[in-house]
Amino acid sequence: MKSLKKLLSVALVGVMCVSVLAGCDSNTASGQASAGAATETFKIGGIGPITGGAAIYGTAVMNGAQIAVDEINAAGGINGYQIEYKFEDDTHDAEKSVNAYNSLKDWGMQALVGTVTTTPCIAVADYTAQDGMLEITPSASSTDVIVNDNVFQVCFTDPNQGTASAQYIGEGNLATKVAVIYDSSDVYSSGIEATFVKEAENQNFEVVAVEAFTADSKTDFSTQLQKAQSAGADLVFLPFYYQEAAIVLKQAKDMDYAPVFFGVDGMDGILTLEGFDTTLAEGVILLTPFAADAKDEATQKFVATYQEKYNEIPNQFAADAYDAVYAVKAALEAANATPSQTAQEIGNLAIPAMTTITVNGITGEMTWQATGEVSKTPKAVVIKDGVYVAMD
Amino acid sequence: MKNLKKSSKDHLITYGILLLVYIVAEILIKTGNMSSLMQGILVPVCVYSLVAIGLNLCVGYLGELSLGHAGFMCVGAFCGAYTTKMLQGTINNEILLFTIALVVGVIMAALFGFLVGIPVLRLKGDYLAIVTLAFGEIIKNIINVLYIAKCSDGMKVAITDGGAIEVDEAIGEMWLVNGAKGINRIPHLSNFTIGMILIFVALFVVFHLVDSRSGRAIMAIRDNRIAAESVGINITKYKMMAFVISAAIAGAGGVLYAHNLSTLTATPTNFGYNMSIMILVFVVLGGMGSFRGSIIAATILTILPEGLRGLADYRMLIYSVLLISMMLFNWAPAAVNWKKKVMASINNKTSKKGQVE
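Predicted model only: the values in this text are computed from it and were never measured.

*Asks:* Give a detailed account of the overall build of chain B, specifying residues and quantitative values.
*Replies:* Across its full length, chain B holds 14 helices and five strands. Relative to the globule expectation of 21 Å for 357 residues, the C-alpha radius of gyration of chain B, 22 Å, shows essentially globular dimensions. The buried share among the 357 residues of chain B stands at 54%. Restricting to contacts in chain B with at least 6 residues of sequence separation, those with at least 24 account for 73%. Split by element, the accessible area of chain B, about 15,900 Å² in all, is 66% carbon and sulfur. A distance of 16 Å separates the average location of the 28 positive side-chain charges in chain B from that of its 18 negative side-chain charges.

Structure, rendered in structure tokens:
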């Protein structure tokens, strides 16, 4: 038995060594210092969850960015060079995200569109800062994401969304008593909740109930809704994603509780959720930079291409990713970058250029501050007869 | 070498293998032959190896199932990161800072192990599994509603209502633990060398424990509790000893984990039930009671999904197929028979060799 064990361990150690060595192959060299003088394409990477619970966001970003890349390539590329685009999965986990980043670095990535979700983005942003790489996140909305100078956001920050929502409700006199239900285990949701409640003090309505749930208990909201109802709330603020929001709407209907529901950009996508009865969402107001039924040409073209390619109506994540790629393009053009430069050289030129560019994207006209925050106007839409209608 | 006990020789082999892997890896890094992906994954490999060593002590030697080792890891990670954030600026030596964080993390994890152990280790049966499972989930949820901030007028703590604390970063106030956002901007203090040192220390501790009188008592309890009790072994004491050390090692893994990424959050993926099961998988596949096996299993199963990135979505499939085949290889009757045959032929050869000599 002992010899067998020895044999086995020798074999396994062999496997271990091989797997240690497995990553050290040919593409190492191109990934490091000499980002391939011969490369004639810009290498743009993307990171996000395309498996696991948050897969829907990562997939949307992957597809949205792909459409932008295809369009740019068809129109002649950036500074005359084509773009190569590669997306890696991070399963919404910080550690995996760093692995994904490292693997893209080995591939020779020169600018990053990502990561999709907040916590992994904070971890990756730390590494991109070390490497001096330009990083534009389509959807990681926490302010912690942009502490480094090299990271820029396409989406609103959480505090902005919370404040903007509170102001919108206050200024529009939408309610007098407001209840908040939020996911205390989620960075995005608790971030918005905190600033919403704070800003509510300055507004003409009262927050009568703040009820939390966690990722482990996101299938039943009857307790939270009952509390909101008994507190007499005539508006319920739902700063979280649409899967949970769909359950909230269904359960509120079942208990004959019909306040105004107010969501943020995570709510976008609820109308395309499989098996969701869209009549439930009637009258729901949400603050989102992107509406798939907008009448402008760019949006319609994007939506049509997305539907044709992926058989889905794109959500706000896809739109943000699409704009993020155009932001990278604008920055690289402003910086006069060429593919022969390393990620750091491009970063040195393109990062300062970010504050000078204006991107007229499908989520609005965007400019960036040196902090990395985006300036664009939030739009509020209300759902009527199963489609978004602009509020104003 | 001949005078050495068989177990000591076995331990030396384990140390030797680790040293070899370390040297090879360092050479590859220094000569620039290791990809960024591999370099990035070295610390996680150390983290999971450590936790697997800890759990193996509990499962393999104590014979108690713990489904909450991710919880102990979580305690270690948060206490360690918290300490670092507190002392950052006061202490500038990175090694010292990490050591203090490590000590705090390990002690806190051990303390929680002790607290969980007090009621549960007195019982027979699967209670430890149930209670540790609950423990892991509770810890995760507590951390998600815990807000601690360092403000100009002292520390402020809040449960659930983080909005009650006003933090103005412009004047040097900062969040230490910010609810679901966890701890952010943790300095990168972990590296492969520290990870390897921790593994060596952990191995040193567990090897000495299992070879000692206490270790024999622990195994006696595992093999036959009644017999052990009848010869006067204090069951609870020895169970507690093994379990607390096991939790402490998991805590050390947590501290290492926390200082590897700049952000630390308690999510179901990193400290949840699934992670506990994952660690148990490392232990079971590596062989219960074999620390070397745990390290090897943890290494392979951590590197593999990343090494297979090129295969995109299929890596999940291959990963699960590999898990099943490893399990079959270890336990299926046909595989066991085949191994016996191979073993017999090797034994024959070696005994013949012995005669010649």
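And the narrative resumes.
*Asks:* Tell me about the domain arrangement of chain A, residues and numbers included.
*Replies:* Residues and elements named next belong to chain A. According to the domain assignment, chain A contains domain 1 (35–156 + 298–377) and domain 2 (159–288). A straight line from the C-alpha centre of domain 1 to that of domain 2 covers 30 Å. In this assembly, 13 residues from domain 1 lie in contact with 14 residues from domain 2. Summing both partners gives a buried area of about 1,200 Å² for domain 1 against domain 2, and 56% of it is carried by carbon and sulfur. Sorting the residues of domain 1 by area buried against domain 2 places Tyr57, Phe156 and Gln316 first, and these three jointly supply 40% of that buried surface. Counting across the interface, domain 1 meets domain 2 through zero salt bridges. At the boundary of domain 1 and domain 2, one finds three residue pairs in polar contact (both at pLDDT 80 or more). Counting residues per element, the ones that place at least two in the side of domain 1 that touches domain 2 are α3 (55–74), α5 (118–131) and α11 (316–334). Class assignment for the residues of the side of domain 1 that touches domain 2 results in five nonpolar, seven polar and one charged.

*Asks:* Explain the packing of aromatic side chains to me, and be specific about the residues and the numbers.
*Replies:* Residues and elements named next belong to chain A. The full count for this structure, using the stated rule, is 30 aromatic pairs over all chains. When the centroid spacing of 6.3 Å and the interplanar angle of 50° are considered together, the rings of tyrosine 241 and phenylalanine 317 count as tilted. Pair noted here: tyrosine 241 is in the loop between β8 (235–238) and α9 (242–254) and phenylalanine 317 is in helix α11, with a separation of 76 residues, a long-range link. Accessibility classification places tyrosine 241 together with phenylalanine 317 in one group, the buried group.

*Asks:* So what's going on with the sheet that holds strand β3 (residues 111–114) of chain A? Which residues, and what values?
*Replies:* All names here are of chain A. Taken in spatial order, the five strands line up as β2-β1-β3-β4-β5 in an open sheet, and their pairing is parallel. The outermost strands of the open sheet, each flanked by one partner alone, are β2 (82–89) and β5 (151–153). Geometrically, the sheet is characterised by an average inter-axis angle of 25° between neighbouring strands, direction not taken into account. The strands touched by helix α4 (residues 94–107) are β1 (41–48), β2 and β3; relative to β1, the strand with the most contacts, the crossing angle is about 170°.

*Asks:* Break down the packing of helix α3 (residues 69–87) of chain B against helix α9 (residues 235–258) of chain B for me, citing the residues and quoting the values.
*Replies:* Packed helix pairs are characterised by how far apart their axes lie and by the angle those axes make with each other. Residue and element names in this part refer to chain B. Look at α3 against α9: their axes get within 6 Å of each other, and the N-to-C directions meet at 50°. The pairing of α3 with α9 is recorded here as oblique in orientation. Where α3 crosses over α9, the two elements pack in a sense that is right-handed. Contacts between α3 and α9 involve His69, Phe72, Met73, Gly76, Ala77, Gly80 and Ala81 on the former and, on the latter, Phe243, Ser246, Ala247, Ala250, Gly251, Gly253, Gly254, Val255, Tyr257 and Ala258. The class makeup of the residues in the contact of α3 with α9 is ten nonpolar, seven polar and no charged.

Quick notes on the rules
- Residues numbered from 1 in each chain as written.
- Chains lettered and ligands numbered in written order.
- Predicted model: local features only at pLDDT ≥ 70, side-chain atom pairs only at ≥ 80, totals over all residues.
- Heavy atoms only, no water.
- Helix = DSSP H or I, 4+ residues; strand = E, 2+ residues; numbered from the N terminus.
- Rg over C-alpha atoms; globule rule 2.2 N^0.38 Å.
- Buried < 20%, exposed > 50% of the residue type's maximum accessible area, 1.4 Å probe, protein only.
- Contact = heavy atoms within 4.5 Å.
- Areas by Shrake-Rupley, 256 points an atom, 1.4 Å probe, with all protein chains shown as cover.
- Lys, Arg positive; Asp, Glu negative; His and termini not counted.
- Charge placed at Lys NZ, Arg CZ, Asp CG, Glu CD.
- Domains from an automatic or database assignment.
- Buried area = accessible area lost by both parts, 1.4 Å probe.
- Salt bridge = Lys/Arg side-chain N within 4 Å of Asp/Glu carboxyl O.
- Polar contact = N/O pair within 3.5 Å; in protein donor to acceptor, adjacent residues only side chain to side chain.
- Nonpolar A, V, L, I, M, F, W, Y, C, P; charged D, E, K, R; others polar.
- Phe/Tyr/Trp six-rings, centres within 6.5 Å; stacked < 30°, edge-to-face > 60°.
- Pairing = 2+ DSSP bridges.
- Axes fitted to C-alpha atoms, helices over the stretch in contact; angles between N-to-C directions.
- Parallel < 35°, antiparallel > 145°, perpendicular 65-115°, else oblique.
- Left-handed = near helix turned anticlockwise from the far one by under 90°.

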